[in-house]
Amino acid sequence: MRASLIQFRVEEDESVDSRRRRAAALVRDQAGVDLVVLPELWTTGAFAYERFATEAEPLQGPTCEVMAKAASDAGVWLHAGSIPERGAAADGADEGPLYNTSLVFSPSGELAAFYRKIHRFGFDKGEAVLMGAGTETVTVRLPETTVGVATCYDLRFPELFRSLVDAGAETLVIPAGWPERRRSHWTLLARARAVENQAYVLACGTAGTHAGVPQAGHSIVVDPWGEILGEAGADEEILTVEFDPAEVATTRDRFPALKDRVLGLERPHR
């Protein structure tokens, strides 16, 4: 299986429409690979909080339309990163809530799944107060593997990934807008999630600067044993890696650590 992680550069002087067109062109260039991944909030920048509300769009909005067409044109599975989504308004409300929502498209351009980020970053400011929290975990069945979907700050919460593995995930895909100042955590946590879940991790970051926050880049692909199969640099680039999804079952069979789980399983309580 071949995957391309598009480490997209986000700069403030580029319009959202221009970013959509440029991202779509990069996706189309990946025709022939199996899975393409874009980073988190690449339409606005993950730290451009003041733009979330003004640039928010419905689930089936312009980014969905452009990315669906790009996936279809390239004939690839596309994890189109995430967008600031404007949810439906409740009765009496002027506007619906915002979500940090990931979009996954099939090679025919169908919206196969969407995931609203569960863990919001900001410590009582920024995303944590501007956006609503998702409540559902999401997996997507590809012909070669089952993908578990998470986003950026989710990477710090291992219980989410264990629940994805319990739902059948073998490949964990994580778009992010991770800051440069915590890049060491990015690499460490990506490898940890791979090792503890005996799964592939495909973590796609952004390049450039988001609202004055330099981005880490260094998108990474890690195998179920924790070995790095490929890693990008700091600037915009496309990281393409070949991997064998069958290695997940092989690793779990040869070193069956997941079978020895005790905590987190349903047990009688008294």
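Here the structure is a predicted model, which is why all the values come from computation and not from measurement. (Residues numbered from 1 in each chain as written. Predicted model: local features only at pLDDT ≥ 70, side-chain atom pairs only at ≥ 80, totals over all residues. Heavy atoms only, no water.)

**Student:** Any chance you could explain the overall build of the protein chain here in plain terms?
**Tutor:** Helices and strands together make up the secondary structure of the protein chain, namely seven helices and 15 strands. Rg of the C-alpha trace for the protein chain: 18 Å, near the compact-globule value of 18 Å for 270 residues, within the 12% margin. Projected onto the principal axes, the alpha-carbon positions of the protein chain cover approximately 50 × 50 × 35 Å. The buried share of the protein chain, taken over its 270 residues, is 54%. Restricting the contact set of the protein chain to residue pairs at least 6 apart, pairs at least 24 apart contribute 68%. When the accessible area of the protein chain is evaluated, it comes to approximately 11900 Å², of which 50% is carbon and sulfur surface. (Helix = DSSP H or I, 4+ residues; strand = E, 2+ residues; numbered from the N terminus. Rg over C-alpha atoms; globule rule 2.2 N^0.38 Å. Buried < 20%, exposed > 50% of the residue type's maximum accessible area, 1.4 Å probe, protein only. Contact = heavy atoms within 4.5 Å. Areas by Shrake-Rupley, 256 points an atom, 1.4 Å probe, with all protein chains shown as cover.)

**Student:** Would you mind showing me how to read the nonpolar core here?
**Tutor:** Generally speaking, a soluble globular protein has its nonpolar side chains buried in company with each other. L5, L35, V140, F161, W178, V201 and L202 are the most contacted members of the largest nonpolar core, which totals 45 residues. Tallying contributions element by element places strand β10 (residues 200–204) first for this core, with five residues. In this structure L5 touches V37, L202, A203, C204, S219, I220, V221, E237, I238 and L239, once residues within four positions along its chain are discounted. Counting residues in hydrophobic clusters, the runner-up holds 24 residues, among them V10, C64, A74 and L78. (Core = buried A, V, L, I, M, F, W, Y, C linked by side-chain atoms within 4.5 Å.)

**Student:** Sorry, what's going on with the pattern of salt bridges here?
**Tutor:** Note that side chains of opposite charge can pair when their charged atoms are close. Per the stated rule, a full pass over the model turns up 19 salt bridges. Of the charged contacts in the structure, one is a salt bridge between R183 and E180, with a shortest N-O distance of 3.6 Å. Overall, the relative accessible area of 28% leaves R183 in the partly exposed class. E180 gets classed as partly exposed once you look at its relative accessible area, which sits at 35%. Taken together, the shared-partner salt bridges in this structure form one network comprising E14, R19, R22 and E236. (Salt bridge = Lys/Arg side-chain N within 4 Å of Asp/Glu carboxyl O.)

**Student:** What should I look at first to understand the sheet that holds strand β12 (residues 213–214) in this one?
**Tutor:** One open sheet holds the three strands; their spatial order is β2-β11-β12, and the pairing between them is mixed. Lying at the two open borders of the sheet, with one neighbouring strand each, are β2 (9–10) and β12. In this sheet, strand β11 (residues 207–210) lies alongside β2 in parallel orientation, the contact comprising two bridges. By the bridge assignment, V10 is partnered in β11 with G208. (Pairing = 2+ DSSP bridges.)

**Student:** Sorry if this is basic, but what is going on with the packing of aromatic side chains here?
**Tutor:** The geometry of an aromatic ring pair is captured by the separation of the ring centres together with the interplanar angle, meaning the angle of the planes. A complete count under the given rule lists 11 aromatic pairs for this structure. The ring centre of Y99 lies 4.1 Å from the NZ or CZ of R116, which sits over that ring. (Phe/Tyr/Trp six-rings, centres within 6.5 Å; stacked < 30°, edge-to-face > 60°. Lys NZ or Arg CZ within 6 Å of the ring centre and 35° of its normal.)

**Student:** Would you mind showing me how to read the sheet that holds strand β3 (residues 35–37) here?
**Tutor:** Strand-to-strand pairing in sheets goes through backbone hydrogen bonds, with the strands running parallel or antiparallel. One open sheet holds the six strands; their spatial order is β6-β5-β4-β3-β1-β15, and the pairing between them is mixed. For this open sheet the edge positions go to β6 (111–116) and β15 (237–242), each flanked by a neighbour on one side alone. Put simply, the sheet's adjacent strands are angled 25 degrees from each other on average, direction ignored. Across three bridges, the pairing between strand β1 (residues 2–7) and β3 is parallel. Directly across from L5, in β3, lies its bridge partner V37. (Axes fitted to C-alpha atoms, helices over the stretch in contact; angles between N-to-C directions.)

**Student:** It is not clear to me how helix α3 (residues 62–74) should be interpreted in this structure. Could you clarify?
**Tutor:** Because an α-helix completes one turn every 3.6 residues, residues spaced three or four positions apart along the sequence face the same direction. When the terminal C-alpha atoms of α3 are compared, their 18 Å separation across 13 residues agrees well with the 18 Å that a helix rising 1.5 Å per residue should span. Of the residues making up α3, those classed as buried are T63, C64, M67, A68, A70, A71 and A74. Angularly, the buried residues of α3 cover 165 degrees about the axis, an arc narrow enough to put them on a single face. Turning to α3, the residues buried within the fold contact α1 (16–28), β4 (77–86), β5 (98–105) and β6. Looking one or two places after α3, you find G75, whose phi comes out positive at around 70 degrees. (Expected span 1.5 Å × (residues − 1). Arc of directions from axis to C-beta.)

**Student:** Looking at this structure, how should I read α1?
**Tutor:** Between the first and last C-alpha of α1 there are 18 Å, a value that for 13 residues agrees with the 18 Å anticipated at 1.5 Å per step. Looking at α1, one finds that the buried residues are V16, R19, R20, A23, A24, L26 and V27. Taken end-on, α1 shows its buried residues confined to a sector of 160 degrees, consistent with a single buried face.

**Student:** I keep staring at the side chain of E57 and nothing clicks. Help me out?
**Tutor:** One can find E57 in the loop between α2 (52–55) and α3. Engagement of the side chain of E57 in a polar contact is seen with the side chain of R20, the distance being 3.1 Å. Not counting residues within four places of it along the chain, the set of residues in contact with E57 comprises R20, P62, T63, C64, I83, P84, E85 and R86. (Polar contact = N/O pair within 3.5 Å; in protein donor to acceptor, adjacent residues only side chain to side chain.)

**Student:** Sorry, what's going on with the packing of helix α5 (residues 158–166) against helix α6 (residues 183–197) here?
**Tutor:** Each pair of packed helices can be summarised by the angle the axes make with each other and by the distance between the axes. At a closest axis distance of 10 Å, the pairing of α5 and α6 adopts a crossing angle of 40 degrees. The orientation of α5 relative to α6 falls into the category oblique. In terms of crossing hand, the pair formed by α5 and α6 is right-handed. Where α5 abuts α6, its residues P158, F161, R162 and V165 lie against R193, E196 and N197. (Parallel < 35°, antiparallel > 145°, perpendicular 65-115°, else oblique. Left-handed = near helix turned anticlockwise from the far one by under 90°.)

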